[in-house]
2 protein chains.
Amino acid sequence: MFSGDFSTLKGIFEADLSKEHTTVYQIEGAMAKIATTPNPPYYAVIFTSLRTEGDHGYAEMADRMLDLATEQQGFLGFESARNELGITVSYWDSLEAISNWKKHSEHLIAQKLGHEIWYSKFKVRISKVERDYGI
Amino acid sequence: MFSGDFSTLKGIFEADLSKEHTTVYQIEGAMAKIATTPNPPYYAVIFTSLRTEGDHGYAEMADRMLDLATEQQGFLGFESARNELGITVSYWDSLEAISNWKKHSEHLIAQKLGHEIWYSKFKVRISKVERDYGI
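Rules and cut-offs
- Residues numbered from 1 in each chain as written.
- Chains lettered and ligands numbered in written order.
- Predicted model: local features only at pLDDT ≥ 70, side-chain atom pairs only at ≥ 80, totals over all residues.
- Heavy atoms only, no water.
- Helix = DSSP H or I, 4+ residues; strand = E, 2+ residues; numbered from the N terminus.
- Buried < 20%, exposed > 50% of the residue type's maximum accessible area, 1.4 Å probe, protein only.
- Contact = heavy atoms within 4.5 Å.
- Areas by Shrake-Rupley, 256 points an atom, 1.4 Å probe, with all protein chains shown as cover.
- Pairing = 2+ DSSP bridges.
- Buried area = accessible area lost by both parts, 1.4 Å probe.
- Salt bridge = Lys/Arg side-chain N within 4 Å of Asp/Glu carboxyl O.
- Polar contact = N/O pair within 3.5 Å; in protein donor to acceptor, adjacent residues only side chain to side chain.
- Core = buried A, V, L, I, M, F, W, Y, C linked by side-chain atoms within 4.5 Å.
- Least-squares fit on C-alpha atoms with pLDDT ≥ 70 in both.
- Phe/Tyr/Trp six-rings, centres within 6.5 Å; stacked < 30°, edge-to-face > 60°.

A. Looking closely at the overall build of chain A. Regarding its fold elements, chain A presents six helices and four strands. Traced from its N-terminal end to its C-terminal end, chain A shows the element sequence α-α-α-β-α-β-β-α-α-β. Taking all 135 residues of chain A together, the buried fraction comes to 45%. Long-range pairs, those at least 24 residues apart, make up 79% of the contacts in chain A between residues at least 6 apart in sequence. Accessible surface computed for chain A: about 7,100 Å², of which carbon and sulfur atoms make up 54%.

Take a look at the structure:
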């Protein structure tokens, strides 16, 4: 388990705190949308998780990771919903883009904290979207 | 838009009404779980949706479809969450299993009602899971 001081997390993301409310609104808006993706093929990362009790900096980090993901090359969009179970699907144009995002330095910190603090269980599935349709 | 009598929907699923509470409990339990899937490759159907206002028989049909899906050959599991946006991911062992489920007679009725009544917008993405990991 993570044994450090939670307050140090705030330092890492200090620059973001000044725009906290804006960020929250952006994400709430984004989370109510079906992602607009190009014609297949493209890739979907299906992230399913069960949270531990309490926030412990989770919401802030989730916002930050979403902001950061949208800036990455090859990012196509994302969708997210949570009841007890949380599902976040992010869409990417290549396996290389997914691999680069997984290795991003800030994302590595988030993954470590996710593993140690925020998630009691999770599964990541990397899949290739072969066909899509809808209204 | 669907112009029929909503009460006729109940007739279609009359057999299910007698076990309504059992079904609800089963599904609430199932929805809080990360699906246990075999080693890749397998397939994921990512269904993302925005609902219209009101229930109009939706919850009952969703329960019924889940029950029915779990009985289909090639069904491996499912995960579901909804805030404003809903995401349901079902897992299958082949494209043929997905195609058979799409053509199932009761499911065809549900798809038609979904299109006409329950969803203001939806997207179905059929993808091949190539890799997975988790805790």
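Having seen it, we continue.
B. Inspection of the pairing of strand E3 (residues 85-92) of chain B at higher detail. Residues and elements named next belong to chain B. Across the eight residues that make up E3, a large majority, seven, are buried. Here strand E2 (residues 75-82) pairs with E3 via seven bridges, running antiparallel. Residue pairing for E3: glycine 77 is matched across the bridge by tyrosine 91. Where E2 hands over to E3, the hairpin turn is made up of two residues, counted between the paired strands.

C. Spatial organisation of the interface of chain A and chain B. Contact with chain A, which involves 43 residues of that partner, is made by 43 residues of chain B. Taking both partners together, chain A and chain B bury about 3,900 Å²; carbon and sulfur atoms supply 60% of that area. If you sort the residues of chain A by the area they bury against chain B, Ile34, Tyr133 and Ile135 of chain A come out on top, with a joint share of 20%. Measuring nitrogen to oxygen at the nearest pair gives 3.0 Å for the salt bridge that ties arginine 125 of chain B to glutamate 79 of chain A. On inspection of chain A and its partner chain B, the count reaches 24 residue pairs in polar contact (both at pLDDT 80 or more). Only strand E1 (42-51), strand E2 (75-82), strand E3 (85-92), helix H5 (95-103) and strand E4 (119-134) of chain A provide two or more residues apiece to the side of chain A that touches chain B. The element best represented in the side of chain A that touches chain B is E4 of chain A, accounting for 16 residues.

D. Expanded view of the nonpolar core. Judged by nonpolar contacts, the single largest core of 24 residues is most densely connected at Ile46, Ile87 and Val89 of chain A together with Ile46, Ile87 and Val89 of chain B. Among the elements of the structure, E1 and E3 of chain A together with strand E1 (42-51) and E3 of chain B are those that each provide at least two residues to this core. With sequence-adjacent residues up to four places away left out, isoleucine 46 of chain B is seen in contact with Ala44, Ile46, Val89 and Tyr91 of chain A together with Ile87, Thr88, Val89, Lys123, Val124, Arg125 and Ser127 of chain B. Of all hydrophobic cores here, the second largest spans 23 residues; its members include Leu66, Leu68, Phe78 and Leu113 of chain B.

E. Looking closely at the relation of the copies chain A and chain B. Overlay of chain A on chain B (RMSD 0.0 Å): rotation 180°, translation along the axis 0.0 Å. In the structure described here, the two chain copies are related by an operation that fits a two-fold rotation axis. Same-surface contact between copies: 100% of interface residues of chain A are shared with the interface of chain B.

F. Structural context of the environment of glutamate 53 of chain B. Topologically, glutamate 53 of chain B is positioned in the loop between E1 and helix H4 (58-70). Taking the C-alpha atoms as reference points, glutamate 53 of chain B and arginine 131 of chain B, 78 residues apart in sequence, are found 38 Å from one another.

G. Up close: the pairing of E3 of chain A. Bridging between E1 of chain A and E3 of chain A involves eight bridges; their strand directions are antiparallel. Bridged to isoleucine 46 of chain A within E3 of chain A is valine 89 of chain A.

H. Representation of the packing of aromatic side chains. All names here are of chain A. Here the structure, examined in full by the defined rule, presents 16 aromatic pairs over all chains. Relative to phenylalanine 122, the ring of tyrosine 119 lies with its centre 6.1 Å away and its plane at 70°, an arrangement referred to as edge-to-face. Of the two residues examined, tyrosine 119 and phenylalanine 122, each falls in the buried class. Through a chain of ring-to-ring contacts, three or more aromatic side chains come together here, namely Phe47, Tyr58, Trp118, Tyr119 and Phe122.

Any functional reading would require information beyond the geometric quantities listed.
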